[in-house]
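# Descriptive structure summary
Okay, here's what each chain looks like letter by letter:
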Amino acid sequence: MMLAFCPILTSAQGFQYQKTKSEFKYYTGQATLTGTYSRNLDPEYVDYIGDAICFYPDKKSAPLIPRPKGDERMAWFCFSNFENAKKTFKLPNTIKKGYCTYEGKATVTIKDYELFFIISEGYDLTRLVSAKNISPAKAVKCESYN
């Protein structure tokens, strides 16, 4: 009797390191995460960081995000395909006075990851492939720092 070993294709999750260029480490691969999507429309924030739609994985999903040894930063990233993310999460371009952020919960599948490893004003980027279990975005009041 002859046994054949065939690789079984699974939906294995994970990212493979590819290269470092400038302040980014590039990874290929795909992962599905659960957590909170967010768009901050506070004018000061947008002027400083830019208009972005970001995602904060929950505790269970956070370990799927690439992080070099010793990097203790919270796992979060923004989507490089902004228009697609805006449409997917049905996010408006304006927000009522006194409110700064839209946020909701979702399960997202992301592809290819750009880790911003310099400690400064920047963020990781990845491509949104798909999203499901999307809760409608809610407007969140601005935080006051007084």
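Above this text you will find the structure in question.
Numbering of residues starts from 1 in every chain and runs along the sequence as written. The predicted origin of the model limits local features to residues at a pLDDT of at least 70 and limits the giving and counting of side-chain atom pairs to 80 or more, whereas totals for whole chains, interfaces and linings rest on all residues. Side-chain descriptors were evaluated using all non-hydrogen atoms of the structure, hydrogens and water having been removed beforehand.

### Digging into the overall build of the chain
Secondary structure elements follow DSSP: runs of H or I of four or more residues count as helices, runs of E of two or more count as strands, with numbering from the N terminus. For the chain, the helix and strand inventory stands at 2 helices and 7 strands. Reading the helices (α) and strands (β) of the chain from amino to carboxyl end gives β-β-α-β-β-α-β-β-β. Only protein chains enter the calculation, and the probe is 1.4 Å; a residue is then buried if its accessible area is under 20% of its type maximum, exposed if over 50%, and partly exposed in between. A burial count over the chain gives 32% of its 146 residues as buried. As presented, the chain carries roughly 9,900 Å² of accessible surface, and 54% of it is formed by carbon and sulfur atoms. For the area figures, the Shrake-Rupley method with a 1.4 Å probe applies, and any residue is considered shielded solely by the protein chains shown.

### Some remarks on the pattern of salt bridges
When a carboxyl oxygen of Asp or Glu lies within 4 Å of a side-chain nitrogen of Lys or Arg, that pair is called a salt bridge. Overall, the coordinates contain 4 salt bridges when judged by the stated rule. Between Arg-73 and Asp-71 there is a salt bridge, with its nearest N and O atoms 2.8 Å apart. With relative accessibility at 30%, the residue Arg-73 sits in the partly exposed group. Across the pair Lys-86 and Glu-83 runs a salt bridge whose closest N-O atoms are separated by 3.8 Å. Here Glu-83 and Lys-86 lie together in helix H2 (residues 82-88), a separation of 3 residues that amounts to about one turn. The class of Lys-86 is buried, set by a relative accessible area of 16%.

### A closer look at the nonpolar core
Here, the term nonpolar core denotes a set of buried Ala, Val, Leu, Ile, Met, Phe, Trp, Tyr and Cys residues that are joined through side-chain atoms within 4.5 Å. Phe-77, Phe-79, Phe-89, Val-108, Ile-110 and Tyr-113 are the most contacted members of the largest nonpolar core, which totals 23 residues. Secondary-structure elements contributing two or more residues to this core are strand S2 (24-40), strand S3 (53-57), strand S4 (77-79), H2 and strand S5 (99-116).

### Structural notes on unusual backbone geometry
Backbone geometry places Lys-90, a non-glycine residue, at a positive phi of 55°. Counting through the fold element by element, Lys-90 comes out in the loop between H2 and S5. Not every positive phi belongs to a glycine, and Asn-133 is a case in point at roughly 50°. For Asn-133, the location among the structural elements is in the loop between strand S6 (125-132) and strand S7 (138-141). The class for Asn-133 is exposed, based on a relative accessible area of 59%.

### Examining the state of the cysteines
To count as a disulfide, a pair of cysteine sulfur atoms needs to be within 2.5 Å. Per the counting criterion, the structure on display carries 2 disulfides. The residue that forms a disulfide with Cys-54 is Cys-78, at a sulfur-sulfur distance of 1.9 Å. Taking the sign of the torsion about the S-S bond as the criterion, the disulfide between Cys-54 and Cys-78, at about 75°, is right-handed. Residue Cys-54 is located in strand S3, and its partner Cys-78 is located in strand S4; the two are separated by 24 residues in the primary sequence. Between the sulfur atoms of Cys-100 and its disulfide mate Cys-142 the distance is 1.9 Å. Between Cys-100 and Cys-142 the disulfide shows an S-S torsion of about 95°. By sign, it is right-handed. Of this pair, Cys-100 sits in strand S5 while Cys-142 sits in the segment after S7, placing them 42 residues apart in sequence.

### Focus on the packing of aromatic side chains
Pairing of aromatic rings covers Phe, Tyr and the six-membered ring of Trp, with a centre-to-centre limit of 6.5 Å; geometry is then stacked below 30 degrees between planes, edge-to-face above 60, and tilted otherwise. All told, the structure shown has 12 aromatic pairs when counted by the stated rule. Ring centres 5.8 Å apart and planes at 85° place the aromatic pair Phe-77 and Tyr-113 in the edge-to-face group. Taken together, the residues Phe-77 in strand S4 and Tyr-113 in strand S5 connect sequence positions 36 residues apart. With respect to burial, Phe-77 and Tyr-113 carry one shared label: buried. Through a chain of ring-to-ring contacts, three or more aromatic side chains come together here, namely Phe-15, Tyr-37, Phe-55, Phe-77, Phe-79, Phe-89 and Tyr-113.

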